[in-house]
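Residue strings, one per chain:
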Amino acid sequence: MSYTAAGLYTGYTIRHDAVYLYIDKKEIDFFKNTFRVTEKQGIKARIYTPDRDVFADTREKEGIQIVSPSQELLDLAGFGYI
């Protein structure tokens, strides 16, 4: 999603301080409990709950499941100029 998928598709716009994820609402508690840490350092996880089916046309790049190129374009456009 967003910068994570964009970096995998293009090799550009790579951020090393965060990973951006789409997670179904029913899976958020599991994710938070699995990766909960008390330290304030490391990589941040930006979790987004989708308002439409973003999982139907996913791809795999470097062992990571990412959204389709068209969904990725919408995600990046939604962030505006950064």
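What you are looking at is a predicted structure, and each value in this text was computed from that prediction instead of being measured.

Glycine aside, residues mostly have negative phi angles, and peptide bonds mostly take the trans form. Positioned with a positive phi, E62 is a non-glycine residue whose angle comes to about 50°. With respect to the helices and strands, E62 occurs in the loop between β3 (59-61) and β4 (64-66).

The next point concerns the side chain of S68. With respect to the secondary-structure elements, S68 resides in the loop between β4 and α3 (69-79). Given the relative accessible area of 7%, S68 is considered buried. Within the structure, S68 has its side chain in polar contact with the side chain of S70 (distance 3.2 Å). S68 has contacts with Y9, D57, T58 and R59, leaving out every residue within four places of it along the chain.

With that settled, the discussion passes to the packing of aromatic side chains. Per the stated rule, a full pass over the model turns up two aromatic pairs. Ring centres 6.4 Å apart and planes at 15° place the aromatic pair Y20 and Y48 in the stacked group. With a gap of 28 residues between them, Y20 in strand β1 (residues 18-22) and Y48 in strand β2 (residues 44-48) connect regions that are remote in the sequence. Here Y20 falls in the buried class, since its relative accessible area comes to 7%. A relative accessible area of 28% means that Y48 is categorised as partly exposed. Residues F31 and F35 carry aromatic rings whose centres are separated by 4.9 Å and whose planes lie at 45° to one another, so their mutual orientation is tilted.

It is worth spelling out the nonpolar core at this point. Counting residues in each nonpolar core, the largest one holds six residues, listed as A5, L8, Y22, V54, I66 and V67. Contacts of I66, omitting those with residues within four sequence positions, involve A5, L8, Y9, T58, R59 and K61.

Moving on, we come to helix α1 (residues 2-10). Among the nine residues in α1, seven count as buried, and that is most of the element. When we look at burial in α1, the residues that qualify are S2, Y3, T4, A5, A6, G7 and L8. Taken together, the buried residues of α1 touch β1, β3, β4 and α3.

With 89% of its residues at a pLDDT of 70 or more, the protein chain shows a mean pLDDT of 81. Mean pLDDT in the protein chain bottoms out at α1, which sits at 78, and peaks at helix α2 (residues 28-34), which reaches 90.

What counts, and at which threshold
Residues numbered from 1 in each chain as written. Predicted model: local features only at pLDDT ≥ 70, side-chain atom pairs only at ≥ 80, totals over all residues. Heavy atoms only, no water. Helix = DSSP H or I, 4+ residues; strand = E, 2+ residues; numbered from the N terminus. Buried < 20%, exposed > 50% of the residue type's maximum accessible area, 1.4 Å probe, protein only. Polar contact = N/O pair within 3.5 Å; in protein donor to acceptor, adjacent residues only side chain to side chain. Contact = heavy atoms within 4.5 Å. Phe/Tyr/Trp six-rings, centres within 6.5 Å; stacked < 30°, edge-to-face > 60°. Core = buried A, V, L, I, M, F, W, Y, C linked by side-chain atoms within 4.5 Å. pLDDT = per-residue confidence, 0-100.

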